[in-house]
Amino acid sequence: RLPRDVTRADVGACYAPAQRYAAHDEAATLWVQATLLDYAVLMVELTVRELSARERDDAYSFVRRLGVVWGLRADAFPAPDWRAFELYCAALDARTAALAAALP
C-alpha cells in the first residue's frame, strides 16, 4: 500500500505533478490494458505468426470485456476496433515521449 503523500509524479512520468496517485484511475487502467494487449499481439506475431485482422479484432474485443471485469466502464475504451486501437496506442506513445522529453 502506498503512503497517502505519494503523488502520480512519484509513480511515473505520464502524470502531471502534484496529482494524487489513484490505483483505480480509469485512464491508467486503460493504459495498462492497452500496453498488455499491444505487446501480447506483438509477441505472438514475432514468435508464432502474423494474426489476421479478425484475430486482432477478437483479441481487442476480449480485452474490452475484460476491462469491464476490472472495473472499467464499457464505454471507457476509445477505439471500436483494432485499427482504431492502433491509432490510440500511437497517440499514447507520442504523449509519453513528449512528457519524457520535458523531464529535467
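Refer to the preceding data block for the structure.
Residues numbered from 1 in each chain as written. Predicted model: local features only at pLDDT ≥ 70, side-chain atom pairs only at ≥ 80, totals over all residues. Heavy atoms only, no water.

S.K.: So what exactly am I meant to see when it comes to the pattern of salt bridges here?
M.R.: When the charged atoms of two side chains lie near each other, side chains of opposite charge can form a pair. Taken as a whole and assessed by the stated rule, the structure comprises seven salt bridges. When the shortest N-O distance is used, the salt bridge between E45 and R56 registers 2.7 Å. In this pair, E45 sits in helix α2 (residues 26–47) while R56 sits in helix α3 (residues 53–69), placing the two residues eleven residues apart along the sequence. Looking at R56, the relative accessible area reads 16%, which means it is buried. R83 serves as the salt-bridge partner of E86, at 3.1 Å between the closest nitrogen and oxygen. Placement of the pair is E86 and R83 together in helix α4 (residues 82–102), with a separation of three residues, close to one helical turn. (Salt bridge = Lys/Arg side-chain N within 4 Å of Asp/Glu carboxyl O. Helix = DSSP H or I, 4+ residues; strand = E, 2+ residues; numbered from the N terminus. Buried < 20%, exposed > 50% of the residue type's maximum accessible area, 1.4 Å probe, protein only.)

S.K.: Can you walk me through the packing of aromatic side chains in this structure?
M.R.: Pairs of aromatic rings are described using the distance from one ring centre to the other and the angle between the two planes. With the rule as written, the count across this model stands at four aromatic pairs. Between Y60 and F77 the ring centres are 6.4 Å apart and the planes differ by 85 degrees, which places this aromatic pair in the edge-to-face class. Here Y60 is found in helix α3, whereas its partner F77 is found in the loop between α3 and α4, with 17 residues between them in sequence. A single burial state applies to Y60 and to F77, both of which are buried. Look at W82 and F85: their rings are 5.0 Å apart centre to centre, the planes differ by 45 degrees, and that puts the pair in the tilted class. With a gap of three residues between them, W82 and F85 both fall in helix α4, about one helical turn apart. Judged by its relative accessible area of 7%, W82 falls in the buried class. (Phe/Tyr/Trp six-rings, centres within 6.5 Å; stacked < 30°, edge-to-face > 60°.)

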